[in-house]
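An overview of the molecular structure
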Amino acid sequence: MNRYPLWKNATVLIALVLGLLYTLPNFFGEAPAVQVASVKSTHKVDAKLLAQVEAALRTASIAPQGMVLDLNSVRVRLADTDTQLKARDAIERALNPVAADATYSVALNLVSDSPNWLNSINALPMYLGLDLRGGVHFLLQVDMKGALTKRLDSIGADLRSLMRDKNIRHGGISREGQTVAIRFREAETRDKARGVLADSQPDLELVDAQEGADLKLVATLKPVAQKRIQEFAVKQNITTLHNRINELGVAEPVIQQQGIDRIVVQLPGVQDTAKAKDILGRTATLEVRMVDDEASANPSVMDQAARGQPPPGTEYYVERGGRGLLVKKQVVLTGERLTDAQPGFDNQTQEPAVHLSLDSAGARIFKDVTRESVGKRMAILLIEKGKGEVVTAPVIRTEIGGGRVQISGRMSTVEAHDVALLLRAGSLAAPMEIIEERTVGPSLGAENIAKGFNSTMWGFIAIAVFMMSYYLLFGVVSVFALSANLLFLVALLSLLQATLTLPGIAAIALTLGMAIDANVLINERVREELRGGNSPQAAITAGYERAWATILDSNITTLIAGIALLIFGSGPVRGFAVVHCLGILTSIFSSVVVSRALINWIYGRRRKLEAVSIGQVWKPGV
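Residues numbered from 1 in each chain as written. Predicted model: local features only at pLDDT ≥ 70, side-chain atom pairs only at ≥ 80, totals over all residues. Heavy atoms only, no water.

What to know about the overall build of the chain
Put simply, the rule reads: Labels follow the DSSP assignment, with helices taken as runs of H or I lasting at least four residues and strands as runs of E lasting at least two, numbered in each case from the N terminus. Throughout, exposure labels follow a simple rule: accessible area from a 1.4 Å probe, protein chains only, divided by the maximum for the residue type, with under 20% read as buried, over 50% as exposed, and the rest as partly exposed. Two residues qualify as a contact provided that any one of their heavy atoms is within 4.5 Å of a heavy atom in the partner residue. Residue burial considers only the protein chains on display, and all accessible areas are found by Shrake-Rupley using a 1.4 Å probe.
Looking only at helices and strands, one finds 17 helices and 22 strands in the chain. When burial is assessed residue by residue, the chain has 47% of its 622 residues classed as buried. Looking at the chain alone, contacts between residues at least 24 apart form 72% of all its contacts between residues at least 6 apart. Here the chain displays about 30,400 Å² of accessible surface, and carbon together with sulfur accounts for 56% of that area.

Printed below as a string of structure tokens:
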């Protein structure tokens, strides 16, 4: 007789129940919401912020449908779009009294409207792409000249260190347009410097020049190096945008290169274009500068600096403790020299700290500066959106070598973690400007969803009608297995928090058509065994066992093609491949295991089975 052991039946039943649970959130839709996120590393998203948001809503007499606090944001679910706009304005006024210096990003968004008991078991709806959910689309132009300028500034700092190491006296190094000029007093010294630079800086093209009594060595980047720097700038900007947007909690953004110097950014679910620009613009980098200790100790100078009149060559900043500080404008080291940033603890005080690793050039510069500045203060600045903040300004006690630097002081464990994340995200390798922006409304996304749903539904109905009319009860079982396949696929996409796009809906429809092939193979194999004179019970056993090898072979070959699309594809092609590959895996389980469990439940307990309902079985020769 055909019977599954208890554990197999339990596995199928548990899989169906879990599939139903994790599919359910997709049927509740989304509700308008307001998302609050920090735009400054010094201000955290925590229970205190949640209380502030609640107080702001209470003052405005707005009753939220629900509030969620996660690592990156506070999300307030609201009843309708009118209430959403009112809540956004109320929270904005409460959290950002000075609009020009906003502390928090208050953006319109959409959140799942599923009940809390589903959220408690982490049953969440799958992400929807821009074409289904709506959102914002940006096309950004990368400033290639800016990338070269930034690289030349970095080369200038390297050359100063190199001249110092080689004990070559010079009259100053400065960037002049797209060149770096080194001044000398003697031709012999210039010739010596040219030889050193030719060995250590192969990307530079060196030309002799003269300005009055000064001899100059003018360095320009070779065309091959310029092209390489520009290509790297685009890739670095894409990586930085990915890191920043991911850390700010935007679900499944699309960030990809278009042409030589353009980047496409799509943020599904974000309705507020202005806030989306804030998200794109929020990048941070590290700058190491020396503190002007003499001026900082003068109260009258500090008073003038606080009123916006710092001494020449300095800038006024406020430390985390609230004290003013005058920092020299000359940048000793930038975040470009960072190779890693990890949170940790100070070995001596056990205070939270951020441990930085520098590249070889950065380690050499830092070693030289700390050796020459023992007893002086060094400011470590975090630059965000053009505004700097002094994270710490320690006194240099001894020379620091080895490329390992530590930031500590007045930091919590969470702050150390966030600063490390921010520094790892890096800065933009080149400036960018938005040359095209558009908003895809939720109504257009709803129309696409309706069309995709209808096409899949009618395709499923057509398959079901054919299978049930041609294979009768076995056809009904096949349709149930196909339904289970669809259930498993949607549940898996939701559990993995994959992004569903229009190509993904096409892949679901294709998966249904391909998945039913396995049941057709099984049903025809059972018919063949019955025509051969086997008993119904033996025919069922042989049909499933002998069809299995064919089903496996056909699905593996299709899976290989899907994996190729997944590896080499991008954008819509990759979205299609994800659903396609997952659909193949779920179809193998549903068409073989689930359908066999149901057939065993229907026929397996009958010892004397005379016939099965599988349609017309033609005998040989008839």
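A word on the packing of aromatic side chains
The geometry of an aromatic ring pair is captured by the separation of the ring centres together with the interplanar angle, meaning the angle of the planes. Selection criterion: The pairing test for Phe, Tyr and Trp rings, Trp by its six-membered ring, is centres within 6.5 Å, and the orientation test on the planes gives stacked under 30 degrees, edge-to-face over 60, and tilted for anything in between.
According to the stated counting rule, one finds four aromatic pairs in the structure shown. Between Phe-466 and Tyr-470 the ring centres are 5.5 Å apart and the planes differ by 10°, which places this aromatic pair in the stacked class. In this pair, Phe-466 and Tyr-470 are both assigned in helix α14 (residues 442–495), four residues apart and thus about one turn of the helix distant. Of the residues examined, Phe-466 reaches a relative accessible area of 46% and is grouped as partly exposed. Accessibility expressed as a relative area gives 35% for Tyr-470, which makes it partly exposed.

Considering the nonpolar core
Condition: By convention a nonpolar core is built from buried Ala, Val, Leu, Ile, Met, Phe, Trp, Tyr and Cys residues, the set being connected through side-chain atoms within 4.5 Å.
Ranked by internal contacts, the top residues of the largest apolar core, which has 27 residues, are Phe-474 and Val-612. Going through the elements one at a time, α14, α15 (502–531), α16 (536–568) and α17 (572–603) are the ones with two or more residues in this core. Here this core takes nine residues from α14, the largest share from any one element. In contact with Phe-474, not counting residues within four places along its chain, are Asn-523, Val-526, Ile-540, Ile-599, Tyr-603, Val-612, Ser-613 and Ile-614. Among the nonpolar cores identified, the runner-up in size contains 20 residues, and Val-180, Ala-193, Val-196 and Leu-204 belong to it.

Regarding the sheet that holds strand β10 (residues 214–221)
Keep this limit in mind: When DSSP finds at least two bridges between two strands, those strands are taken to pair. A fitted line through C-alpha atoms serves as each axis, taken over the contacting stretch for helices, and the angle formed by two N-to-C directions is quoted from 0 to 180°.
Strand order in the open sheet formed by four strands is β7-β8-β10-β9, and the pairing between neighbours is antiparallel. The open sheet has two edge strands with one neighbour each: β7 (173–176) and β9 (204–211). In this sheet, adjacent strand axes meet at a mean angle of 30° when their direction is disregarded. Pairing analysis gives eight bridges linking β9 to β10, with the strands arranged antiparallel. Of the residues in β10, the one forming a bridge with Leu-206 is Ala-219. In the packing of helix α6 (residues 144–165) onto the sheet, the strands contacted are β7, β8 (179–184), β9 and β10, and the crossing angle to β7 comes to about 165°.

Re the pattern of salt bridges
To keep things clear, this is the line we draw: Should a side-chain nitrogen of Lys or Arg be within 4 Å of a carboxyl oxygen of Asp or Glu, the pair is scored as a salt bridge.
For the coordinates displayed, the defined rule picks out 17 salt bridges. A salt bridge links Asp-203 to Arg-228; the shortest N-O distance between them is 2.6 Å. Placement of the pair is Asp-203 in the loop between α7 (187–200) and β9 and Arg-228 in helix α8 (residues 223–247), with a sequence separation of 25 residues. For Arg-228, a relative accessible area of 41% puts it in the partly exposed group.

Focus on unusual backbone geometry
Although it is not a glycine, Ser-61 sits at a positive phi angle of roughly 60°. The residue Ser-61 is located in the loop between α2 (47–59) and β2 (66–69) in this model.

Description of helix α1 (residues 6–23)
This is how the line gets drawn: By this rule, a helix spans an expected 1.5 Å times one less than how many residues it contains. Within this analysis, the arc is defined by the directions that extend from the helix axis to the C-beta atoms.
Helix length check: α1, at 18 residues, gives a terminal C-alpha distance of 26 Å against a target of 26 Å (1.5 Å per residue), a fit within 8%. Every buried residue belonging to α1 is among Val-12, Leu-16, Gly-19, Tyr-22 and Thr-23, and all of these are buried. What you see down the axis of α1 is that its buried residues fit within an arc of 145°, all on one side. Residues Leu-6, Trp-7, Leu-13 and Ile-14 are exposed on α1 and point more than 90 degrees away from its buried face.

Here's the deal with the side chain of Asn-485
Relative to the helices and strands, Asn-485 resides in helix α14. Overall, the relative accessible area of 0% leaves Asn-485 in the buried class. Those residues in contact with Asn-485 that lie beyond four places of it in its chain are Thr-511, Ala-515, Gly-583, Thr-586, Ser-587 and Ser-590.

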